[in-house]
Amino acid sequence: MSDFPRLASTRRQFLTSAAALSFVTIASRTYAQSISGNLPWHPFAGEPPQPSLAGWYFFKPDEARAIEAIVDRLIPADELSAGGKEAGCAAFIDRQLAGTYGDSSRLYMQGPFMKGTPTQGYQSNATPAMRYRAGLAAIDAFLRKSKNHGFAELNTQEQDAFLKELEGGKVDLGSIDGKALFNLILQNTMEGFFADPIYGGNRNMVSWKMIGFPGAHYDYRDHVGKHNQPYPKGPISIAGSPDWSHKS
Amino acid sequence: MARKLPPKDVVIVGLGWTGAILAHELTDAGLDVVAIERGPWRDTATDFNIGYMQDELRYAIRKDLFLQPAQEAMTMRNNTSQRALPMRDYGSFLPGTGVGGAGVHWNGHTWRFWQSDFQTKSHLTQRYGEARIADLQVQDWGVTYDEMESAYDRFEHLCGISGKAGNLNGQIQQGGNPFEDPRKRDYPLPPMQMTYAPTLFAEAARSLGHHPFPTPAANLSKSYVNPLGIAMGECTMCGFCERFGCANYSKASAQTTILPVLMRKSNFEARCNSEVLQVNLDATGKMAKGVTYVDSSGVEWEQPAEMVLLCAYGLHNARLMMLSKIGKIYDPQSGEGTIGRNYCYQTNAGISLFFEDKNFNPFIASGACGQTMDDFNGDAFDHGGLDFVGGAGINCIPTNGRPIGFRPTPPGTPRWGSAWKKATKDHYLSTFGFSSQGSSYAARGNYLDLDPTYKDRFGRPLLRMTFDFPDNDIRMSHWVSDRMVEIAKALKPKQYVEGRRNKSWSSVPYQSTHNTGGAIMGADPKTSAVNKYLQSWDVPNVFVIGASAFPQNPGKNPTGTVGALAFHAADAIRNQYLRNPGAALVQA
Ligand SMILES: Cc1cc2nc3c(=O)[nH]c(=O)nc-3n(C[C@H](O)[C@H](O)[C@H](O)COP(=O)(O)OP(=O)(O)OC[C@H]3O[C@@H](n4cnc5c(N)ncnc54)[C@H](O)[C@@H]3O)c2cc1C
Ligand code: SF4
C-alpha cells in the first residue's frame with residue numbers, strides 16, 4: 001500500500017542517509033505498540049464493563065447495614081420510586097470503592113499534601129475507600145455514644161435529623177469533616193441511582209423510568225423534529241432491557 | 001541511557017487532531033514520519049463500541065478516555081502570592097490522551113475566528129485607543145484572516161461541518177452568521193435539524209433583533225465522504241457526545257477523518273503508549289536532533305529526526321518546550337521570556353430556564369446541535385461607551401440529558417429526600433439553559449511555568465498554571481449576562497436562574513478544555529515563541545502546533561482555528577521549509 005508520491009527532489013538533500021533504515025524492524029516494537037501500513041483491529045479487543053455480581057466487596061457487614069440505611073433515607077421509597085437500598089445504591093458504592101475509584105489510583109497522589117484554597121480542589125491524601133471506612137466508623141461511634149444505637153437502628157425521623165445535622169456540618173466527628181463526608185456519600189448515592197444498572201444501582205432502571213430518560217437508546221433521529229412531544233419508548237440499559245430476556 | 005533508533009525525517013509528538021493532520025500532509029509530501037503518542041491506540045469499533053459507549057458513569061463521570069492525573073498532573077494557583085497545588089483530579093478542563101487526542105471526546109463546535117480577532121491589539125487600539133487595553137497584554141497573531149481562509153476551508157471539509165454560511169464572498173446570507181468574515185464557499189453539509197430548546201431560543205433572540213444561526217457542528221447532519229475518500233455517517237443525536245467517542249462514525253475526529261488513510265501509508269508509523277520526555281537539542285542549542293521517549297515498560301528510546309513537531313495539546317507543548325530548554329521561560333515580573341506567556345482560557349456564564357408545560361426531551365442531543373448568536377461577541381458591537389473589550393458568543397446547545405450530571409432543580413430544593421425526588425422528576429424534561437462563551441484576554445500575571453515542588457512520575461517538574469479572570473473579562477461577562485437575562489425574559493419561563501462568572505477561577509467544576517497560549521505566535525521574537533508559521537524562533541526545526549499559539553482567546557471554541565493552523569503550518573513546511581530545511585521562515 002505504498003501509493004504515496006515519489007520523493008520530491010528537495011527531500012533528497014533534506015534526508016540523512018540513515019533514514020533508509022527506518023523500515024527495519026526495531027526492538028521498540030516489543031515494548032511499545034508500533035503500527036504502520038494498516039489499521040490494526042482485533043476481534044473482542046474492547047473492554048466491556050463487568051456486570052456487578054452479588055455480595056459485598058468492600059463493606060464489612062456493619063458498614064453495609066449502615067450504608068444501606070443511609071442511602072434509603074437520601075432516596076426514600078415513596079410513590080415515585082423504590083428507595084436507595086432497593087435500587088442498589090449501597091451495592092453500587094461498594095463496587096466503586098473496591099475499584100480504581102476507591103483507591104484513587106488514577107489521581108495524582110504524590111505529596112506534599114497541603115491545605116489549599118477552595119479553587120485548588122480536594123487536597124487530602126485520603127482516598128474514597130479510606131474516607132468511607134473511617135467515616136462510617138466515626139458516625140457509628142458518635143451515634144452509639146449519643147443515642148446508644150448505630151445508624152441502622154435509629155427510626156427514620158432520627159436518621160433524617162442526623163443526616164441533616166451532618167449535611168450542615170453540625171456533627172463533630174473529631175478529625176473527620178462531617179460535611180465533606182456527607183457530600184461524598186450523597187454524590188456516590190446519586191451516581192448509583194442514576195448510572196446504568198450494570199454497575200449495581202438503578203435496579204430495573206427505576207430512576208430512568210421515574211424521570212423519563214431512555215438510557216442507552218442511541219438513535220433519536222425519528223423524534224428530533226417532534227418538538228414538545230413525549231418520547232414514546234421506555235428505557236434500555238447497556239445490558240439490554242428486562243423485556244429481552246426469556247421469562248421462566 | 002536511552003537506546004538510539006534509526007532516524008526519521010519527522011517525529012511528531014502526539015497523535016491527536018493536529019498530529020494526524022500534520023502526519024497526513026507530510027507523508028503526502030513523501031517524508032518518513034513517526035508519531036509518538038503517550039496514550040493507547042483507539043479505534044471506533046473497539047474503543048467507542050456501540051454496545052457500551054452509552055455509559056455515563058464510566059466515560060463522563062469517571063472520565064475513562066481522558067488523561068489520568070497519575071500520568072501527568074498540573075499545579076494551579078490564582079496569583080503569584082499563592083502556593084500552587086496540584087489538581088489531583090482534572091476538573092475545570094480535561095486533557096485527552098491516546099490516538100485521536102481530545103478530538104475523540106470533543107463536542108464539535110467548529111468556528112472561524114475573525115480578522116478583528118487575529119489583530120486584537122492593533123484593531124482595538126485603532127478603534128478605542130491604547131488606554132483601553134492598558135491592563136491587558138493582548139497581541140496580534142502575525143497572520144490575517146485572509147491568509148487563513150483556505151486553511152479553515154480545508155479543515156471544515158475534512159470534518160464535514162454542518163452549518164450555514166453567513167457571508168459568502170462578501171454577500172451576507174440569510175440564516176447564517178452575519179458577523180463572520182467572508183468565506184469562499186459554504187459548509188460542506190447543511191445545518192443539523194434543530195431540537196426544541198434551541199428553536200425557542202432562536203425565536204426569542206430574533207424577537208429582540210438579534211441574529212441567531214445554527215452552530216457549525218462537527219456532528220454530521222448527513223452522511224458524507226470527505227476529501228480523503230473516508231465515509232462518515234449521519235449523527236443519531238445519541239446524547240453521549242462530549243466526553244465520549246462516537247460509535248456512529250458521525251463526529252469528526254482523527255479516527256473518522258484521517259486515520260483510515262494515514263495508517264495505510266508505509267511511510268508513516270504510529271508508536272503508542274510511548275511518552276516523549278523531551279526534545280533533544282544539539283550542542284549549539286539551536287537545532288533539534290530528535291526526541292527521547294519512554295515506552296510502557298519504562299525503557300527509554302532516542303528517536304533522531306530532521307524535524308520535530310510538537311502536537312501534544314497546547315499545555316503539553318508549552319511544558320515540553322520548557323523541559324527541553326527551547327526558548328526562555330516567561331517571567332511575569334520582568335515581562336521577559338516567551339514560553340508560558342499569555343496563557344488564556346474562556347470566560348463562561350450560564351442561565352437556566354424552568355418551565356411548567358414544556359417537554360424538551362433533553363436526551364435528544366448532540367455535542368454541537370444548537371443555535372448561537374454573535375451579536376455580542378468579539379468586536380461585533382461598539383464598545384465605545386462600555387468599560388471592557390471583548391465579548392461572548394451566546395449559545396443554546398443542550399448537549400445531553402444524562403441524569404448523573406443533568407438534574408436541574410430550582411434553588412432552594414433540598415438535595416435529598418422525597419422533596420428532592422419530586423423536584424428532580426418535575427424539572428428533568430422541562431428545563432433548558434443557554435450560556436455565554438466569553439473571550440479570555442491576556443494579562444501580564446496569567447502564565448505557565450514549571451512547578452518548583454511537584455513532580456511527575458519520572459521526577460520532572462509539573463506544569464504550573466497561574467491564572468485568574470482579568471477584571472476586563474469579568475466586566476465583559478456580566479454585561480453579556482445582562483443581555484442573556486433579556487433573552488430569558490422573552491422566553492417567559494416560570495423561573496430563570498443565573499450562573500454568573502465571578503472571580504476566582506476554580507479548577508474544580510468543568511468549564512471548558514480551551515486552554516490557550518504558552519507558545520504564542522507573532523511577528524516579534526521578544527513577545528512570541530513561534531513565528532506566523534508556528535516555527536520556533538529559537539530552534540527552527542521545531543514547529544509547535546496547537547492552541548498554544550493563540551496570543552489570546554476569542555469567545556469561540558478553539559479547534560476550528562487549531563485545525564486551520566495545522567494546515568497552515570503544513571503548507572509552510574511543504575512549500576517553503578523543505579526547500580531550505582533548518583532555516584527560519586521569518587527573519588527575526
Ligand atoms: C470535553 C471536551 C470538549 C471539547 N469540545 C470542543 C468543541 O466543541 N469545539 C472545539 O473547538 N474544541 C473542543 N474541545 C477542544 C479540542 O478537543 C482540542 O482543541 C483539540 O483536540 C486540540 O487538538 P491538539 O492536536 O492540539 O491536541 P489533542 O487532540 O489533545 O492531541 C494531543 C495528543 O498528544 C498526546 N501527548 C501529549 N503529551 C505527549 C507526550 N509527552 N508524548 C507523547 N504524546 C503526548 C496526547 O496524548 C494527545 O493524544 C473539547 C475538548 C474536550 C476535552
Ligand atoms: S451525538 Fe452524534 S456525533 Fe455525537 S456521539 Fe452521538 S451520534 Fe456521534
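One structure accompanies this document, and this report is about it. (Residues numbered from 1 in each chain as written. Chains lettered and ligands numbered in written order. Predicted model: local features only at pLDDT ≥ 70, side-chain atom pairs only at ≥ 80, totals over all residues. Heavy atoms only, no water.)

## Points about the overall build of chain B
Along chain B, the regular secondary structure elements total 13 helices and 22 strands. Here the C-alpha atoms of chain B give a radius of gyration of 23 Å, agreeing with the 25 Å that 2.2 N^0.38 yields for 588 residues. The principal-axis extent of the C-alpha atoms belonging to chain B is close to 70 × 60 × 50 Å. Counting over 588 residues, chain B shows a buried share of 69%. Of all intrachain contacts in chain B linking residues separated by at least 6 positions in sequence, the fraction that spans at least 24 positions is 75%. For chain B, the accessible surface area stands at approximately 17,500 Å², while carbon and sulfur atoms represent 49% of it. Here chain B holds 58 positive side-chain charges and 56 negative ones, and the gap between their average locations is 4 Å. (Helix = DSSP H or I, 4+ residues; strand = E, 2+ residues; numbered from the N terminus. Rg over C-alpha atoms; globule rule 2.2 N^0.38 Å. Buried < 20%, exposed > 50% of the residue type's maximum accessible area, 1.4 Å probe, protein only. Contact = heavy atoms within 4.5 Å. Areas by Shrake-Rupley, 256 points an atom, 1.4 Å probe, with all protein chains shown as cover. Lys, Arg positive; Asp, Glu negative; His and termini not counted. Charge placed at Lys NZ, Arg CZ, Asp CG, Glu CD.)

## Topic: the site of ligand 2
Near ligand 2 the following residues occur: Asn219, Cys235, Thr236, Cys238, Phe240, Cys241, Cys246, Asn248, Ser250, Lys251, Ala365 and Ser366 of chain B. When its residues are assigned to classes, the shell around ligand 2 shows six nonpolar, five polar and one charged. (Near = heavy atom within 4 Å. Nonpolar A, V, L, I, M, F, W, Y, C, P; charged D, E, K, R; others polar.)

## Brief notes about the site of ligand 1
Residues and elements named next belong to chain B. Not every one of the 36 residues close to ligand 1 is listed here, only the nearest: Thr18, Glu37, His109, Val276 and Thr559. Thr559 is positioned such that a nitrogen or oxygen atom in its side chain is 2.6 Å from a nitrogen atom of ligand 1. Expressed as a share of its isolated accessible area of 1,000 Å², the protein-covered part of ligand 1 is 99%. Contributing elements (two or more residues each) for the shell around ligand 1: α1 (17-28) and β12 (274-281). For the shell around ligand 1, the element with the highest residue contribution is β12, accounting for three residues. (Polar contact = N/O pair within 3.5 Å; in protein donor to acceptor, adjacent residues only side chain to side chain.)

## As for the pattern of salt bridges
Residues and elements named next belong to chain B. Taken as a whole and judged by the stated rule, the model has 46 salt bridges over all chains. The closest approach of N and O atoms between Asp153 and Arg185, which form a salt bridge, is 2.7 Å. Highlighted residues: Asp153 in helix α6 (residues 145-159) and Arg185 in the loop between β7 (171-172) and α7 (196-207), separated in sequence by 32 residues. Three or more residues are tied together by salt bridges with common partners; here these are Arg38, Glu72, Glu275, Arg319, Asp456, Arg457 and Arg460. (Salt bridge = Lys/Arg side-chain N within 4 Å of Asp/Glu carboxyl O.)

## Some thoughts on the nonpolar core
Within the largest apolar cluster, 109 residues are counted, with the highest numbers of intra-cluster contacts made by Leu309 and Met465 of chain B. Counting residues per element, this core draws most heavily on helix α13 (residues 559-575) of chain B, which supplies eight residues. Sequence-distant contacts of Met465 of chain B, defined by excluding residues within four places in its chain, comprise Thr75, Met76, Arg77, Met87, Phe93, Leu315, Tyr343, Tyr447, Leu448, Trp505 and Asn515 of chain B. Core analysis: the next-biggest nonpolar cluster, separate from the first, contains 77 residues, Leu143, Met210 and Tyr231 of chain A together with Met53 of chain B among them. (Core = buried A, V, L, I, M, F, W, Y, C linked by side-chain atoms within 4.5 Å.)

## Side note on the pairing of strand β15 (residues 347-354) of chain B
Residue and element names in this part refer to chain B. In terms of burial, β15 is largely enclosed, as six of its eight residues are buried. Relative to strand β18 (residues 431-438), β15 is paired through eight bridges, and the arrangement is antiparallel. Looking at the pairing, Gly350 lines up with Ser435 of β18. By the bridge criterion, five bridges tie β15 to strand β21 (residues 495-499) in an arrangement that is antiparallel. (Pairing = 2+ DSSP bridges.)

## A few points about the pairing of strand β20 (residues 461-466) of chain B
Residues and elements named next belong to chain B. Of all six residues making up β20, five are buried, and the element is well covered by its neighbours. Pairing of strand β4 (residues 74-77) with β20, which is carried by four bridges, proceeds in the parallel orientation. Paired with Arg77 across the strands is Thr466, a residue of β20. In this antiparallel pair of consecutive strands, strand β19 (residues 447-455) and β20, the connection spans five residues, and Gly459 shows a positive phi of 85°.

## Quick word on the sheet that holds β15 of chain B
Residues and elements named next belong to chain B. On the basis of which strands lie adjacent, the open sheet formed by six strands has the order β8-β16-β17-β18-β15-β21 and antiparallel pairing. Looking at which strands have only one partner, the edges of the open sheet turn out to be β8 (213-214) and β21. Where strand β17 (residues 392-396) and β18 come together, four bridges link them in antiparallel fashion. Along β18, the bridge assignment pairs Gly393 with Gln437. Across the sheet, α7 touches β16 (371-373), β17 and β18, and the angle it forms with β16 is around 25°. (Axes fitted to C-alpha atoms, helices over the stretch in contact; angles between N-to-C directions.)

## What to know about the interface of chain A and chain B
Facing the 103 residues of chain A at the interface are 115 residues of chain B. Between chain A and chain B the total buried area reaches about 9,100 Å² when both faces are included, carbon and sulfur atoms providing 60% of it. There are five salt bridges connecting chain A and chain B. Here Glu167 of chain A makes a salt bridge to Arg415 of chain B, at a shortest N to O gap of 2.9 Å. Linking chain A with chain B are 42 residue pairs in polar contact (both at pLDDT 80 or more), by the criterion used here. (Buried area = accessible area lost by both parts, 1.4 Å probe.)

## Focus: helix α5 (residues 156-167) of chain A
Residue and element names in this part refer to chain A. The terminal C-alpha atoms of α5 lie 16 Å apart, and with twelve residues this matches the ideal 16 Å at 1.5 Å per residue to within 8%. Listing the buried residues of α5 in full gives Gln159, Asp160, Phe162, Leu163, Leu166 and Glu167. Here the buried residues of α5 occupy an arc of 165° about the axis, which is enough to place them on one side. Structural note: α5 exposes Gln157 and Lys164 on the side pointing more than 90 degrees away from its buried face. The secondary structure elements touched by the buried residues of α5 are α2 (61-74), α4 (128-147) and α6 (178-194). For α5, the side-chain oxygen to backbone nitrogen distance between the N-cap and Gln157 is 3.1 Å, and the N-cap itself is Asn155. Note on α5: the residue one or two positions beyond its end, Gly169, has a positive phi of about 75°. (Expected span 1.5 Å × (residues − 1). Arc of directions from axis to C-beta.)

## Describing the side chain of His427 of chain B
Along the chain, the position of His427 of chain B falls in helix α11 (residues 417-428). Every residue in contact with His427 of chain B, bar those within four places of it in the chain, is listed here: Phe354, Pro408, Pro410 and Lys494 of chain B.

## Comments concerning the side chain of Arg62 of chain B
Positionally, Arg62 of chain B belongs in the loop between α3 (56-61) and β4. Engagement of the side chain of Arg62 of chain B in a polar contact is seen with the side chain of Gln96 of chain A, the distance being 2.9 Å. Among the polar contacts listed, one links the side chain of Arg62 of chain B to the side chain of Glu191 of chain A, at a separation of 2.6 Å. With residues up to four places along the chain from it excluded, the contact list for Arg62 of chain B reads Phe92, Gln96, Tyr101, Arg106, Asn188 and Glu191 of chain A together with Leu57 of chain B.

## Section: the packing of aromatic side chains
Following the criterion strictly, the structure yields 47 aromatic pairs over all chains and no others. Between Phe201 of chain B and Phe434 of chain B, the aromatic rings sit 5.0 Å apart at their centres with planes inclined by 55°, giving tilted as the arrangement. Pair noted here: Phe201 of chain B is in helix α7 and Phe434 of chain B is in strand β18, with a separation of 233 residues, a long-range link. A relative accessible area of 0% places Phe201 of chain B in the buried class. Note on Phe381 of chain B and Trp479 of chain B: the rings are 5.1 Å apart at their centroids and 0° apart in plane angle, and the pair reads as stacked. With Phe381 of chain B in the loop between β16 and β17 and Trp479 of chain B in helix α12 (residues 471-490), this residue pair connects regions lying 98 residues apart in the sequence. Taking the relative accessible area as the measure of exposure, Phe381 of chain B reaches 9% and is therefore buried. Connected via pairs of aromatic rings, a cluster forms that spans Trp208, Phe213, Tyr220 and Tyr231 of chain A together with Tyr59, Phe240, Phe244 and Phe363 of chain B. Between Arg483 of chain B and the ring centre of Trp479 of chain B, over which it is positioned, the NZ or CZ distance is 4.6 Å. The ring of Trp114 of chain B is capped by Lys556 of chain B, whose NZ or CZ atom sits 3.6 Å from the centre of that ring. (Phe/Tyr/Trp six-rings, centres within 6.5 Å; stacked < 30°, edge-to-face > 60°. Lys NZ or Arg CZ within 6 Å of the ring centre and 35° of its normal.)

These values are about where atoms sit, not about what they do.
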